[in-house]
Amino acid sequence: MTDTAFQSDFLKTMQARGYIHQITHPAELDAAAKSGIVTGYIGFDATAPSLHVGHLIQIMLLRRLQQAGHKPIVLMGGGTTKVGDPSFKDTQRPLLTEERIAENIAGIRGVFEKFLTFGDGPTDAVMLDNDEWLSKLGYLEFLRDYGTHFTVNRMLSFDSVKLRLEREQPLTFLEFNYMLMQATDFLELNRRYGCTLQMGGSDQWGNIINGVELTRKVDQKAAFGLTTPLLQTASGQKMGKTVGGAVWLNADALSPYDYWQYWRNTEDGDVGRFMRLFTDLSDAEIAGYEALEGAAINDAKKALADATTTMLHGADEAAKARAAAEGAFERGTLSADLPTVELPSAEVIGAMIAAVTTRAGLTASNGEARRLAQGGGLRLNDEAISDGARLIESSDINADGVLKLAAGKKKIVLVRPV
């Protein structure tokens, strides 16, 4: 992270809240951001119908850009998704059909409206699709106009390519074209919308550099790149990875309750940092939460969960999630807002609790469930179960027709036999 004393509100905020890892031309970008409106973009490939929490820092970059009085562009990768970004991947991504890509973009679109203000104003956000220009490029035209500005020697030097080759994993020529396509995006956005800034994660540094250099070489226009650091938790885990899989941003892929719980379970050492990165809480508020010690740190975690869930799902959903979690974990009460899994009665009544726990998604395997029970971490209707082979009986179903299963102090699922 640079130690530059920035003058623009945008870069001062970015630096203070921990977003900056690398910048291509820090002094020039700072001057541009101080003197006028900077238009910046981030690209999102449509590989799934929802983004996940690993994308959230990039969404927040666009939010910070707009909050500082600049214009964000959300670039959907309708074209680049057809190729697949090879950055730091061991294998080629599955190729999606145009219909699936369109469906994924439709699913993703709504999330950005929660974080950005869209419209026709000078600092209003816009959403574009790079398929608009990439699909119209003829192959010979593409090679002639852009291929001459890239050397294979340089492309092989980028970590995203080197790591794949060092692992002796194949890198297809299709994927090798990805960085040229992304560079073309920057040039097109510069020409069409006056876009001068591309942002992304540190794994995108090589791709971003290509776009900056192409724009400066071909059109002799200002172009800047900025990346965020690789996000890891205090224990060294990759941000957003959980036992249950990806932490999706769409409510139909992950409930507001589970999203709230994800942030509530943040490690102690990450609370203040995540508040700066993922919420609009002020520096003074965050400092107050960071000063909490002992059990009071849980209040800070709840505040983090409230703020992040409110931003994505709204204040009502955040309040319901908090009430459900506090009722279940602190008062032993149940709520309709708790995650509920319906399973066939024949797979619940008479089944081992380890198997039901796994089917409900609390554990990854029956063996893990049995170990959890042996360690005192598995509870059925708030009672500790030491034997994972214990059979579920019809009398375990409560008056509401559900079983309450808990794994440790952080995960609860209601199982409804049907």
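About the cut-offs
- Residues numbered from 1 in each chain as written.
- Predicted model: local features only at pLDDT ≥ 70, side-chain atom pairs only at ≥ 80, totals over all residues.
- Heavy atoms only, no water.
- Helix = DSSP H or I, 4+ residues; strand = E, 2+ residues; numbered from the N terminus.
- Rg over C-alpha atoms; globule rule 2.2 N^0.38 Å.
- Buried < 20%, exposed > 50% of the residue type's maximum accessible area, 1.4 Å probe, protein only.
- Contact = heavy atoms within 4.5 Å.
- Areas by Shrake-Rupley, 256 points an atom, 1.4 Å probe, with all protein chains shown as cover.
- Pairing = 2+ DSSP bridges.
- Axes fitted to C-alpha atoms, helices over the stretch in contact; angles between N-to-C directions.
- Salt bridge = Lys/Arg side-chain N within 4 Å of Asp/Glu carboxyl O.
- Right-handed = clockwise from strand over helix to strand, strands pointing away.
- Expected span 1.5 Å × (residues − 1).
- Polar contact = N/O pair within 3.5 Å; in protein donor to acceptor, adjacent residues only side chain to side chain.
- Core = buried A, V, L, I, M, F, W, Y, C linked by side-chain atoms within 4.5 Å.
- Phe/Tyr/Trp six-rings, centres within 6.5 Å; stacked < 30°, edge-to-face > 60°.

Caption draft 1: The arrangement of the overall build of the protein chain in detail. From N to C terminus, the protein chain includes 18 helices and 13 strands. Taken against the 2.2 N^0.38 rule, which gives 22 Å for 418 residues, the C-alpha radius of gyration of the protein chain at 24 Å falls within 12% of a compact globule. The buried share of the protein chain, taken over its 418 residues, is 48%. A sequence separation of at least 24 residues applies to 72% of the contacts in the protein chain between residues at least 6 apart. Roughly 18,700 Å² of accessible area belongs to the protein chain as shown, and the carbon and sulfur atoms make up 51% of that amount.

Caption draft 2: Structural context of the sheet that holds strand β3 (residues 71-76). One open sheet accounts for six strands, arranged β1-β6-β5-β2-β3-β4; its pairing is mixed. The open sheet has two edge strands with one neighbour each: β1 (22-23) and β4 (126-129). Relative to the sheet, helix α10 (residues 178-193) contacts β2 (39-44), β3, β4, β5 (197-201) and β6 (224-228), its axis offset from that of β2 by approximately 145°. Sitting on the sheet, helix α11 (residues 205-219) touches β1, β5 and β6, and the angle it makes with β6 is about 170°.

Caption draft 3: Focus on helix α13 (residues 271-278). Within α13, six of the eight residues are buried, leaving the element largely enclosed by the surrounding structure. Those residues of α13 not exposed but buried are V271, G272, F274, M275, L277 and F278. On its buried face, α13 is in contact with α3 (56-67), α12 (256-264), α14 (283-290) and α15 (297-313).

Caption draft 4: Representation of the sheet that holds strand β11 (residues 383-384) in the model. Pairing is mixed across the open sheet formed by five strands, whose spatial order is β9-β13-β12-β10-β11. Bordering the open sheet on either side are β9 (340-343) and β11, each of which pairs with just one other strand. Judged from the five bridges that link them, strand β12 (residues 403-407) and strand β13 (residues 411-417) form a sheet pairing that is antiparallel. Across the sheet, K404 pairs through a bridge with L414, a residue of β13.

Caption draft 5: How the structure looks around the pattern of salt bridges. The tally for this structure, following the rule as stated, stands at 18 salt bridges. E132 is paired through a salt bridge with R192; the nearest N and O atoms lie 3.0 Å apart. Highlighted residues: E132 in helix α5 (residues 131-134) and R192 in helix α10, separated in sequence by 60 residues. Of the residues examined, R192 reaches a relative accessible area of 39% and is grouped as partly exposed. Three or more residues joined by partner-sharing salt bridges are found here, namely K302, D306, R322 and E326.

Caption draft 6: Focus on the environment of M311. Mapped onto the elements of the fold, M311 is located in helix α15. The class for M311 is buried, based on a relative accessible area of 13%. Sequence-distant contacts of M311, defined by excluding residues within four places in its chain, comprise M60, R63, K114, F115, F278, T279 and D280.

Caption draft 7: Structural detail: the pairing of β3. Counting buried residues in β3 gives six out of six residues, a clear majority hidden from the surface. Both faces of β3 are covered, namely the face carrying K71, I73 and L75 and the face carrying P72, V74 and M76. With respect to chirality, the unit in which β2 leads through α3 into the neighbouring parallel β3 is right-handed.

Caption draft 8: Representation of α10 within the structure. A rise of 1.5 Å per residue sets the reference length of α10, with its 16 residues, at 22 Å; its end C-alpha atoms lie 22 Å apart and thus fit the reference within 8%. Within α10, 13 of the 16 residues are buried, which leaves the element mostly enclosed by the surrounding structure.

Caption draft 9: Looking closely at the environment of N381. Inspection of the secondary structure assignment puts N381 in the loop between β10 (378-380) and β11. Exposure remark for N381: the relative accessible area of 26% places this residue in the partly exposed category. Between the C-alpha atom of N381 and that of I397, which follows or precedes it by 16 residues, the distance is 8.9 Å. Polar contacts involving the side chain of N381 include one to the main-chain carbonyl oxygen of D396, which spans 2.8 Å.

Caption draft 10: Representation of unusual backbone geometry within the structure. Not every positive phi belongs to a glycine, and N381 is a case in point at roughly 50°. Non-glycine residue D382 carries a positive phi angle of around 70°. With respect to the secondary-structure elements, D382 resides in the loop between β10 and β11.

Caption draft 11: Structural context of the nonpolar core. In this structure, F112, W263 and F278 are the most contacted members of the largest nonpolar core, which totals 66 residues. The element best represented in this core is α3, accounting for seven residues. With 26 residues, the next largest nonpolar core counts Y146, M179, A183 and C195 among its residues.

Caption draft 12: Just the packing of aromatic side chains, in detail. All told, the structure shown has seven aromatic pairs when counted by the stated rule. On the basis of an interplanar angle of 80° and a centroid distance of 5.1 Å, the ring pair of Y262 and W263 is categorised as edge-to-face. Taking the relative accessible area as the measure of exposure, Y262 reaches 17% and is therefore buried. Plain terms: the ring middles of W263 and F274 are 6.0 Å apart, the flat faces sit at 85° to each other, and that makes the pair edge-to-face. Remark: F274 occurs in helix α13 and W263 occurs in helix α12; sequence separation between them is 11 residues. For W263, a relative accessible area of 0% translates into the label buried. Residue F274 is classed as buried on the basis of its relative accessible area of 3%.

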